[in-house]
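Secondary and tertiary structure notes
If you want the building blocks of each chain, they are given just below.
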Amino acid sequence: MDLPAHLAWLIDEASASSGPEQFIAELGRHLLADGLPLTGGALTLAVPHPIIARRTWLWRAETDAVIEALDFAGSPLNKSADDWLAGLGPIYEGKIGRGSDSPILGWAASRPFGPAEADRLNQAARFAAAPLSALTARTALTTLLEAYLGKRSAAQVQAGALGRSSGETIRAALLCADLRDFTALSEATEPPAMIATLDAWFDRVAGAVHAFGGEVLKFIGDGVLAIFPVTGTPGEACEASLRAVAAACAGMAHLDAARQAQGLPPLPFGAALHFGEMLWGNIGAADRLDFTAIGPAVNLVSRLEGLCKSLGHRVLISGALAAETTTHLVPLGEHRLRGIADPCAVFTLPTD
């Protein structure tokens, strides 16, 4: 069968695309080569996520670059794609399938599309249905895993890191944070209100971690364990963790002010930062695994966080992390940590 190059690609190769960004860019390049006057394209997929309704990949013909945009629950259908394509020229848009959550392909051109060109795009959309079905399923799985595991851990699991005890040793800055007097608060608070309180606390901490490139490994009761893996220099990871904990403190100050206005008590907390090596990977039972981090560094940051209350500071920082940063920190001397053989040099933030 003698097919145009873009249709042959959709039949033979598109299903093997590494992701939506490769799919939209490759299809756009084929359509350009077949004579369509494209200036850009967009692929929108519905995803299962607590706040994100749709993910959109935007391709610009001039630079061949692809960027991602998000539409959140309650936003107009395909708003990100429509707004972006409208700035590039006349738009053609087609839904792949009949369901409300079907993929949407959109294109912008340097001039209005003629009837024959619109027919070619309609035909391409029909041929795209099969590969996009597989791509949508993979993207949905990726988004779901990221919501529960975090981006880096989800990528490891999808790459095949499924065996128990499989993992790698990484260097990272660690953040451990915990609410104070949580037991007393939970006994005096109705369960729905307690869940809302925990959500607000986790929003401040996790939001700060993600804003500075970290990843939340787990929520444990009212506690959070997060890491900032070394991707450049150790100092960069440590500085990111310090900025994150400062942002979390600022967020909690705003939350406490809002709670005070409602006649509610503040939420005291402790947070600790440490830098070291840990084993990052699968741990658990044969048929129930947890992708997490273990090792002496994890133990130390947990013990250090437990020292916050007795030392009277919200944030404590280990000497190992302090040695990797140029940020001015206040020394608090050396302290013994439960279960840790050597005493730990402890610092805090100047504003804490």
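Higher on the page you've got the structure.
Calculation rules
Residues numbered from 1 in each chain as written. Predicted model: local features only at pLDDT ≥ 70, side-chain atom pairs only at ≥ 80, totals over all residues. Heavy atoms only, no water. Helix = DSSP H or I, 4+ residues; strand = E, 2+ residues; numbered from the N terminus. Buried < 20%, exposed > 50% of the residue type's maximum accessible area, 1.4 Å probe, protein only. Contact = heavy atoms within 4.5 Å. Lys, Arg positive; Asp, Glu negative; His and termini not counted. Charge placed at Lys NZ, Arg CZ, Asp CG, Glu CD. Pairing = 2+ DSSP bridges. Phe/Tyr/Trp six-rings, centres within 6.5 Å; stacked < 30°, edge-to-face > 60°. Axes fitted to C-alpha atoms, helices over the stretch in contact; angles between N-to-C directions. Parallel < 35°, antiparallel > 145°, perpendicular 65-115°, else oblique. Left-handed = near helix turned anticlockwise from the far one by under 90°. Core = buried A, V, L, I, M, F, W, Y, C linked by side-chain atoms within 4.5 Å. Salt bridge = Lys/Arg side-chain N within 4 Å of Asp/Glu carboxyl O. Expected span 1.5 Å × (residues − 1).

Looking only at helices and strands, the protein features 11 helices and 13 strands. Oriented by its inertia axes, the alpha-carbon framework of the protein measures out at about 75 × 45 × 40 Å. In the protein, which comprises 352 residues, the share counted as buried stands at 46%. Residue pairs in contact within the protein that sit at least 24 positions apart in sequence constitute 59% of those at least 6 positions apart. If the 26 positive side-chain charges of the protein are averaged to one point and the 37 negative ones to another, these points end up 2 Å apart.

The next thing to look at is the pairing of strand β7 (residues 215-220). Summarising the sheet, β7 and strand β8 (residues 223-229) pair through 5 bridges and their orientation is antiparallel. Considered in β8, the bridge of Glu215 is made with Ile227. Between β7 and β8, which pair antiparallel one after the other, the connecting turn spans 2 residues, and Gly221 there sits at a positive phi close to 65°.

All right, on to the packing of aromatic side chains then. This structure, assessed with the given rule, holds 6 aromatic pairs. A ring pair is formed by Trp9 and Phe23, whose centres lie 5.5 Å apart and whose planes are at 45°; its orientation type is tilted. Here Trp9, found in helix α1 (residues 5-12), pairs with Phe23, found in helix α2 (residues 20-33); they are 14 residues apart in sequence, far enough to count as distant. A relative accessible area of 5% means that Trp9 is categorised as buried. Measuring from centroid to centroid gives 4.4 Å for Phe202 and Phe219, while their planes differ by 45°, and the two rings are tilted. Of this pair, Phe202 sits in helix α7 (residues 191-211) while Phe219 sits in strand β7, and the two are 17 residues apart along the sequence.

Their axes nearest at 11 Å, the elements α2 and helix α4 (residues 115-149) cross at an angle of 165°. Comparing their axes, α4 and α2 come out roughly antiparallel. Regarding α2 and α4, the two cross each other, and that crossing is right-handed. The segment α2 lies against α4, with Pro20, Phe23 and Leu31 engaging Leu121, Ala128, Pro131, Leu132, Leu135 and Thr139.

This next bit is on the nonpolar core. Leu175, Trp201, Phe228, Ile317 and Leu321 are the most contacted members of the largest nonpolar core, which has 37 residues in total. At 9 residues, the largest contribution of residues to this core is made by helix α8 (residues 234-261). Ignoring sequence-local partners within four residues, the contact set of Ile317 consists of Leu242, Leu273, Leu304, Ala322, Leu329, Ala345, Val346, Phe347, Thr348 and Leu349. Formed by 28 residues, the second largest nonpolar core is a distinct cluster that contains Leu7, Leu36, Leu43 and Trp57.

Another point: the pattern of salt bridges. Applying the stated rule across the entire model yields 11 salt bridges. The closest approach of N and O atoms between Glu68 and Arg55, which form a salt bridge, is 2.6 Å. Of the two residues, Glu68 sits in strand β3 (residues 65-72) while Arg55 sits in strand β2 (residues 52-60), which places them 13 residues apart along the sequence. Overall, Arg55 belongs to the buried group, its relative accessible area being 11%. Put simply, Arg180 and Glu305 hold a salt bridge, and the shortest N to O gap is 2.7 Å. On the criterion of sequence distance, the pair formed by Arg180 in the loop between β6 (167-179) and α6 (182-187) and Glu305 in helix α9 (residues 296-305) is long-range, its members being 125 residues apart. Across the pair, Glu305 and Arg180 agree in class, each one buried.

All right, on to the sheet that holds strand β4 (residues 91-95) then. Strand order in this open sheet of 5 strands is β3-β2-β1-β5-β4, and the pairing throughout is antiparallel. Since the sheet does not close on itself, it has two edges, and those belong to β3 and β4, each with one partner. Averaged over all pairs of adjacent strands, the angle between their axes in this sheet comes to 15°, without regard to strand direction. On top of the sheet, helix α3 (residues 79-86) reaches β1 (38-46), β2, β3, β4 and β5 (104-109); it is set at about 25° to β2, its chief contact.

With that settled, consider α8. End to end, α8 covers 41 Å across 28 residues, agreeing with the expected 40 Å (1.5 Å per residue, within 8%). Two residues or fewer past α8, Gly263 is found with a positive phi of approximately 80°.

So, about the environment of Arg259. On the secondary structure map, Arg259 appears in helix α8. Given a relative accessible area of 8%, Arg259 falls into the buried group. Separated by 172 residues in sequence, Arg259 and Gly87 have C-alpha atoms that sit 43 Å apart. Among all residues touching Arg259, those that are not within four sequence positions of it are Thr197, Leu264, Pro265, Pro266 and Leu267.

The next point concerns the environment of Arg171. When you line up the elements, Arg171 lands in strand β6. Take Arg171: its relative accessible area is 38%, and that puts it in the partly exposed class. Linking Arg171 and Trp280, residues 109 residues apart in sequence, is a C-alpha distance of 9.6 Å. In this structure, Arg171 is in contact with Pro229, Val230, Pro234, Phe275, Gly276 and Glu277, ignoring residues within four places of it in sequence.

Keep in mind that these numbers describe shape and distance, not what the molecule does.
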